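Working through the structure, step by step
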Amino acid sequence: MRPRVYLIVFLLLIPLQASLFTPLSLGGAAPDLGLAVLYSIGLLTGPIEGAFAGVAIGLLLDMGSASMLGFSGFTRGVVGLFTGLLGRRVLDIQSPSNIIFLFVISLADSLFSALFLEITYGSVPVFGLFFGRALLRAATTAAAGYGILRFITEKRIVTWIRRRELQKEL
Amino acid sequence: MPGFFEKNRKYIAMLALFLLLFWLVTIQVKAGRFTVLETPVLAVSGFFERIIFGSYHAVFSVGRGYVFLVRTERENLRLKNELGRLQLENQITNELLAENERLRTLLGFKKLNPPASVVVQIIGKESSPSSSTITVNKGSSSGIGRDHAVITPDGIVGRIQAVLPGTSRVQLITDPGSTVAVRVQRNREEGLLEGKLDRCALKYVSYYVDIQEGDLLVTSGLDGIYPKGLPVAVVTKVRKHEASSFQTVYADPVVRISRIEESLVLLK
């Protein structure tokens, strides 16, 4: 994918999430823009680039928050790898089933984070977080992710994003 | 064998990167959080957050102005009543404060000076499954520094985690890495309140300590960050562990963090 696209993603991901998406949260749960964007990158590029993009996005989120450096890098790297495999073998970028996959991935991400925090710090209300926050978060993230995929497909942004690979293939 | 490595070079690099990240996290569990590149990331994200926040408010404040005009008269009346009540309360509090000061002087205590504060606007709220932070629109140029307390009239919000001249990041009390030294207001029992994302928990409280649902937890001042006596959280659940000598106490912050738009930073 074009380096320019990555630059835009890295520059605007945290500000857009913090200033626009989180204040518009639904029941205290905002869509996870980083996950939604990463899902699209994974589907468009494949497992290797998806994984590296996931690690980079995750590390950026770690540095821009109070979480441990490398934690989101690790989880988002796995998500990028998985979505890359998914895109290469199973899924079409325009398929509505992307909503379900992104919903499940977001749930797994939240659950893994809650379990990690429980193991590290203890007394984390895992079930309360799962039903109170993770489900809503997964639903809003899935909707945002599907919106992004529809947008980049309909506006032919995919062609612009992937011009370099298409040129190579030709 | 070299052919295998050559062929799967990218996958091996990816695996090595994952192992490195995993190792990095395990180190931080014991040694504490690394703050590499925190300031440059805050500088870039803070710059764009200001622009997005400014544009967003410029657009929505126009429409909102008309909508809220209808409620203004009713709100004005309510606020006048509230002002009258608060003025009365303020007079009583001033009397008590003066009396307290006199008594403290008699007892030879250090004179209490309320800390200076700066009003800040929240320009960004992070939404991550593993941490809770917000970004505010003022920084070191307004006198704000690391570990300064962030409060609202209702209670404490968090502490300054990273500072730049015009932007600061606040670690909320619900963040898993946050700890606040607190005291149960009713019986003065002490404890450490940890963030648990949506709520907080008092850990390692002795089984025999009397804590009940509805108890208000206030800052004890022992952590050196928050001044003594500020409301922090209300106890919502007490779980006694039969097998151990501890009980786990869950508490909800008194400040509705998702709703705050402005807050105060206490300057030390």
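What counts, and where the lines are drawn
- Residues numbered from 1 in each chain as written.
- Chains lettered and ligands numbered in written order.
- Predicted model: local features only at pLDDT ≥ 70, side-chain atom pairs only at ≥ 80, totals over all residues.
- Contact = placed C-beta atoms within 7 Å.
- Helix = DSSP H or I, 4+ residues; strand = E, 2+ residues; numbered from the N terminus.
- Nonpolar A, V, L, I, M, F, W, Y, C, P; charged D, E, K, R; others polar.
- Expected span 1.5 Å × (residues − 1).
- Pairing = 2+ DSSP bridges.
- Axes fitted to C-alpha atoms, helices over the stretch in contact; angles between N-to-C directions.
- Core = buried A, V, L, I, M, F, W, Y, C linked by C-beta atoms within 7 Å.
- Buried ≥ 20, exposed ≤ 12 C-beta atoms within 10 Å, placed from the backbone.
- Domains from an automatic or database assignment.

Things to note about the interface of chain A and chain B
Across the contact, 48 residues belong to chain A and 49 residues belong to chain B. The set of elements that each furnish at least two residues to the side of chain A that touches chain B consists of α1 (3–21), α3 (47–63), α4 (71–89), α5 (97–121) and α6 (126–154) of chain A. Looking at the side of chain A that touches chain B element by element, the count peaks at nine residues for α1(A). Residue composition of the side of chain A that touches chain B, by class: 26 nonpolar, 19 polar and three charged.

Structural notes on helix α2 (residues 9–31) of chain B
Taking 1.5 Å of rise per residue, 23 residues should cover 33 Å, and α2(B) covers 32 Å from first to last C-alpha, within 8% of that figure. Immediately downstream of α2(B), the backbone of B:Gly32 shows phi near 95°, a positive value.

Things to note about the sheet that holds strand β2 (residues 133–136) of chain B
If you walk around this closed barrel you meet the six strands as β1-β2-β5-β4-β3-β12 (chain B), and the pairing is antiparallel. Taken pair by pair, the neighbouring strands of this sheet meet at an average axis angle of 45°, ignoring direction. Where strand β3 (residues 149–152) of chain B and strand β12 (residues 262–266) of chain B come together, two bridges link them in antiparallel fashion. Along β12(B), the bridge assignment pairs B:Ile151 with B:Leu264. Taken strand by strand, α1(A) contacts β1 (117–125) and β2 of chain B, and its axis lies near 105° from that of β1(B).

Here we look at the nonpolar core
Within soluble globular proteins, side chains that are nonpolar tend to cluster in buried spots. Ranked by internal contacts, the top residues of the largest apolar core, which has 93 residues, are B:Leu193, B:Leu217, B:Val232 and B:Ala251. Residues within four places of B:Leu217 in sequence aside, it is in contact with B:Val182, B:Val184, B:Leu193, B:Val232, B:Ala233, B:Val235 and B:Ala251.

Some points on the sheet that holds strand β9 (residues 216–219) of chain B
Residue and element names in this part refer to chain B. The six strands are arranged β6-β7-β8-β11-β10-β9 in a closed barrel whose pairing can be described as antiparallel. Between one strand and the next, the sheet's axes are offset by a mean angle of 40°, whatever the strand orientation. In terms of strand pairing, strand β6 (residues 179–184) meets strand β7 (residues 190–196) through five bridges, oriented antiparallel. The residue of β7 that forms the bridge with Val 180 is Leu 193.

What to know about the pairing of β12(B)
In the sheet, β1(B) pairs with β12(B) via five bridges, with the strands oriented antiparallel. In the sheet register, B:Val119 faces β12(B), and the bridge partner there is B:Leu264.

A closer look at the domain arrangement of chain B
Residue and element names in this part refer to chain B. One can read the domain layout of chain B as domain 1 (34–113), domain 2 (117–174 + 260–266) and domain 3 (179–257). Every contact between the two is made by eight residues of domain 1 and, on the other side, eight residues of domain 2. In terms of residue class, the side of domain 1 that touches domain 2 is made up of three nonpolar, two polar and three charged.

Points about the pairing of strand β10 (residues 231–240) of chain B
All names here are of chain B. Alignment of β9 against β10, held across three bridges, turns out to be antiparallel. Across the sheet, residue Leu 217 finds its bridge partner in β10, namely Ala 233. Bridge count for β10 against strand β11 (residues 246–253) is seven bridges, and the pairing is antiparallel. Paired with Lys 240 across the strands is Gln 247, a residue of β11.

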